[in-house]
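Residue-level structure breakdown
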Amino acid sequence: MKIGIVCYPTYGGSGVVATELGLGLASRGHEIHFITYRRPVRLAHFHANIYYHEVDSDEYPLFEYPPYDTALASKIVDVVKYQNLDILHVHYAIPHATVAYMAKKILLTEGRYLPVVTTLHGTDITLVGSNEAFAPVVQFSINKSDGVTAVSESLKADTLKLFDIQRDIKVIYNFIDFDRFRKVNKEHFKKIIAPNGERIIVHTSNFRKVKRVEDVVLIFKEVAQKVPSKLLMIGDGPERHHAERLCREICLGEEVRFLGKQDAIEELLSIADLFIMPSESESFGLAALEAMACEVPVVSSNGGGLPEVNIHGVTGYLSDPGNVQEMAANAIHLLSDDALLQEFRANALQQAKRFDIHNVLPVYEAYYQEVLEKSVVKVE
Ligand code: GMT
């Protein structure tokens, strides 16, 4: 198949899923065309089946806000026509599902039907999409997509609750590539970060409010009082400076390292003993899955789809968002018991294997096929 993929090219989970999906499909022989405003971060190397089309929305003095949506729609039309795409898969409803609809209408005037699959990732529904500034357009665009997927049962339920949706939503979970995400020997890293054999706790995110980054610091403070530990904070975003200030205020300077954005996250996860994800809500929690694939148990909140990934008492522990005391107690319990930690590490890996990319790629392929077959009927 010739598949167009539209996504945010940044470090966020939706862009990561879109890029990994494109790479996986390309290695199964499909021709993949990424259409976005910057090269996606995980699209680092040449691949014979991968093409990248950059959307250029030129600055013009009249525009306070450059009309990116218009430029993206034009680029989609161009790529679909000249690369002869079979299907377009857009990730994150805003504005991608809406722009795809516009491109579809333009192509129809030229006698071409463009089947569009929209994947809902989370905040496009729960935080941003349901905001009344966007809601009518988001609802319309979801209903006009030829196929809609959501990354968890929880997100599907939220979508049906928040919008009047007239079509099926198929749940296709986030997935993991074990060729990349697996525990590797990085003992030399461990010696530098935890020279006295301290436990290593990791948090990765884009440091937005929804991640409750300050809770990570507060949980760690409790843990470090009972179990000698170090905390690695990976990523960057608007809440980072609050978290750094909090660390200084409560004198955690030596125990916590803010590493900023990192590309080889799997190397750092390989030396971790515990991953903390106290988010207000996560539609899935891809970062937790990446940790589990590297044999790291997870102490997380139970917001959104996290209970579909992290199994309470098996791969880690779940608590209500904001329950710092309970999350800290669970972390201490796990980190104080070598045998239990080993058991949870093995369970985390087993659970991660359920989301192996090699199981998920055929599900997407079958779904594209189903959408394409229905689209033939629409054209006739
Ligand atoms: O978590 C983020 O802030 C990034 C966000 C995104 O849209 O890029 O991630 C969302 O999509 C990921 C991939 O499907 C999910 O694994 C994340 O749980 C989800 N984030 C939230 O729901 C907060």
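Residues numbered from 1 in each chain as written. Predicted model: local features only at pLDDT ≥ 70, side-chain atom pairs only at ≥ 80, totals over all residues. Heavy atoms only, no water.

Description of the sheet that holds strand β2 (residues 31–36)
- Read from one edge of the open sheet, seven strands run β3-β2-β1-β4-β5-β6-β7, paired in parallel fashion. Among the strands making up the open sheet, the edge pair consists of β3 (50–54) and β7 (170–171).
- Pairing between strand β6 (residues 147–150) and β7: two bridges, direction parallel. Its bridge partner being in β7, Thr149 is matched across the sheet by Lys170.
- Packed on one face of the sheet, helix α1 (residues 13–27) meets β1 (2–6), β2, β3 and β4 (87–91) and runs near 155° to β2. (Pairing = 2+ DSSP bridges. Helix = DSSP H or I, 4+ residues; strand = E, 2+ residues; numbered from the N terminus. Contact = heavy atoms within 4.5 Å. Axes fitted to C-alpha atoms, helices over the stretch in contact; angles between N-to-C directions.)

Concerning helix α14 (residues 338–353)
- Relative to the 22 Å expected for 16 residues at 1.5 Å per residue, α14 spans 23 Å between its end C-alpha atoms, a close match to the ideal helical length.
- Along α14, the positions that sit buried rather than exposed are Leu340, Leu341, Phe344, Arg345, Ala348, Leu349, Gln351 and Ala352.
- Here the buried face of α14 lies against β8 (199–204), α11 (286–293), α12 (306–309), β13 (316–319) and α13 (324–335).
- The opening residue of α14 is Asp337, an N-cap whose side-chain oxygen sits 3.2 Å from the backbone nitrogen of Ala339. (Expected span 1.5 Å × (residues − 1). Buried < 20%, exposed > 50% of the residue type's maximum accessible area, 1.4 Å probe, protein only. Polar contact = N/O pair within 3.5 Å; in protein donor to acceptor, adjacent residues only side chain to side chain.)

Some thoughts on empty space enclosed by the protein
- Going through the model one piece at a time under the given rule, you end up with one cavity of 30 Å³ or more.
- Lining of the largest cavity is provided by Val16, Val17, Glu20, Arg42, Phe175, Ile176, Asp177, Phe181, Leu286, Glu290 and Ile357.
- Of all the secondary structure elements, the ones that give two or more residues to the lining of the largest cavity are α1 and α11.
- Counting residues per element, the lining of the largest cavity draws most heavily on α1, which supplies three residues.
- Per-class residue counts for the lining of the largest cavity are seven nonpolar, no polar and four charged. (1 Å grid on protein atoms, 1.4 Å probe; cavity = no way out; pocket = protein on both sides within 12 Å on 5 of 7 lines; lining within 4 Å. Points joined across faces, edges and corners; volume = space filled by probe spheres on them. Nonpolar A, V, L, I, M, F, W, Y, C, P; charged D, E, K, R; others polar.)

Nothing here speaks to function; it is geometry throughout.
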